Amino acid sequence: MELRFAVGRGTLVLLQGDITRESTDAIANAANSGFLGGGGVDGAIHRAAGRGLLEACREAKKSLPGGRLRTGGTIITPGFSLKARHVIHCVGPIYGEVGGDDARLLASCYFEALRLCRENGLESIAFPSISTGVHGYPVEEAAPIALGEVKRALELGDRPREVRFALFDAGTFAAYEEAARRLFGAPS
Ligand code: APR
């Protein structure tokens, strides 16, 4: 199941599936501040990428203040055994535990990841639904925030041209479809 929306000079694609199968220039990871893998999509990406990704994260961690990636922050690494050339690791907020700053910090993950695409000349990126799993963000609240940042980026510039959301279950897909229809009208 795939829905395509024309947005600015690019395309938003919503699909139900496993992000590790995406062959976009980059895939985004819903990481944690410790930045050495974990469960959920973080675990799936590390399993599919192989040990090289963990080594790259260990190396990148050395340049982080206190060895931790801040909430709302992102870091780009190679994709190793993944089809995607790069992984952009994002630390989404743990819902209700960031002093009321949930929306701004979630938006920051998408804004920073899309900025990294622009800076690295990446044509395409696939996102999971950041923070709506273990981090407890209600998906009906998260989807419009995520797609609002995608709208801004696709209307702004020429990179990325395609932004995909690999959504893991029907409920999450439905929430993003509703938010996308509200923001962009009917799919093409
Ligand atoms: N492909 C796409 N989406 C996936 C996949 C996958 N292979 N596996 C899980 N998901 C979905 C979940 O169903 C959820 O909709 O990704 C979304 C985000 O859920 P989590 O992976 O739990 O991420 P998050 O809520 O941001 O919590 C991050 O969980 O796994 C740990 O190390 C991770 O500490 C970090 C925290």
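Small disclaimer: the values here were computed from a predicted structure and weren't measured.

**A word on the pairing of strand E2 (residues 10-16)**
Along E2, five of the seven residues are buried, which leaves the element largely enclosed by surrounding structure. Sheet topology places strand E1 (residues 2-7) next to E2; six bridges connect them, and they run antiparallel. By the bridge assignment for E2, Val7 is matched with Gly10. Between E1 and the antiparallel strand that follows it, E2, lie two residues; Gly8 among them carries a positive phi value of about 55°. Pairing of E2 with strand E7 (residues 162-167) involves six bridges; the strand directions are parallel. Among the inter-strand pairings, Gln16 is bridged to a residue of E7, identified as Leu167.

**Examining the site of the ligand**
Not every one of the 21 residues close to the ligand is listed here, only the nearest: Gly39, Val41, Asp42, Ser131 and Gly133. In this structure, an oxygen atom belonging to the ligand sits 2.8 Å away from a side-chain N or O atom of Asp42. In the environment of the ligand, an oxygen atom lies 3.0 Å from a nitrogen or oxygen atom belonging to the backbone of His135. Breaking the shell around the ligand down by element, the ones donating at least two residues are strand E3 (26-31) and helix H1 (40-49). Top element by residues in the shell around the ligand is H1. It accounts for four residues. Its residues placed into classes, the shell around the ligand shows eight nonpolar, 11 polar and two charged.

**Quick notes on helix H3 (residues 102-119)**
For an α-helix, 3.6 residues make a turn, and residues three or four places apart therefore share a direction. Taking 1.5 Å of rise per residue, 18 residues should cover 26 Å, and H3 covers 26 Å from first to last C-alpha, within 8% of that figure. Among the residues making up H3, those that are buried are Asp102, Leu105, Leu106, Ala107, Ser108, Cys109, Tyr110, Glu112, Ala113, Leu114, Leu116 and Cys117. Taken from the residues just after H3, Gly121 is the one with a positive phi, measuring 65°.

**Let's talk about the pattern of salt bridges**
Going through the model one piece at a time under the given rule, you end up with 18 salt bridges. For the salt bridge of Glu177 with Arg181, the shortest nitrogen-to-oxygen distance reads 2.9 Å. Of this pair, Glu177 and Arg181 both sit in helix H5 (residues 170-184), separated by four residues, roughly a single helical turn. For Arg181, a relative accessible area of 39% corresponds to the partly exposed category.

**With respect to the pairing of strand E5 (residues 86-91)**
Counting buried positions over the six residues of E5 gives six, a clear majority of the element. Here E5 shows no split at all, with His86, Ile88 and Cys90 on one side and Val87, His89 and Val91 on the other all buried. By the bridge criterion, six bridges tie E3 to E5 in an arrangement that is parallel. Looking across to E5, one finds that Ala28 is bridged to Ile88. When strand E4 (residues 74-78) meets E5, the two strands line up antiparallel, connected through five bridges. Bridge assignment links Thr77 to a residue of E5, and that residue is Val87.

What counts, and at which threshold
Residues numbered from 1 in each chain as written. Predicted model: local features only at pLDDT ≥ 70, side-chain atom pairs only at ≥ 80, totals over all residues. Heavy atoms only, no water. Buried < 20%, exposed > 50% of the residue type's maximum accessible area, 1.4 Å probe, protein only. Helix = DSSP H or I, 4+ residues; strand = E, 2+ residues; numbered from the N terminus. Pairing = 2+ DSSP bridges. Near = heavy atom within 4 Å. Polar contact = N/O pair within 3.5 Å; in protein donor to acceptor, adjacent residues only side chain to side chain. Nonpolar A, V, L, I, M, F, W, Y, C, P; charged D, E, K, R; others polar. Expected span 1.5 Å × (residues − 1). Salt bridge = Lys/Arg side-chain N within 4 Å of Asp/Glu carboxyl O.

Any link to function would need more than the numbers given here.
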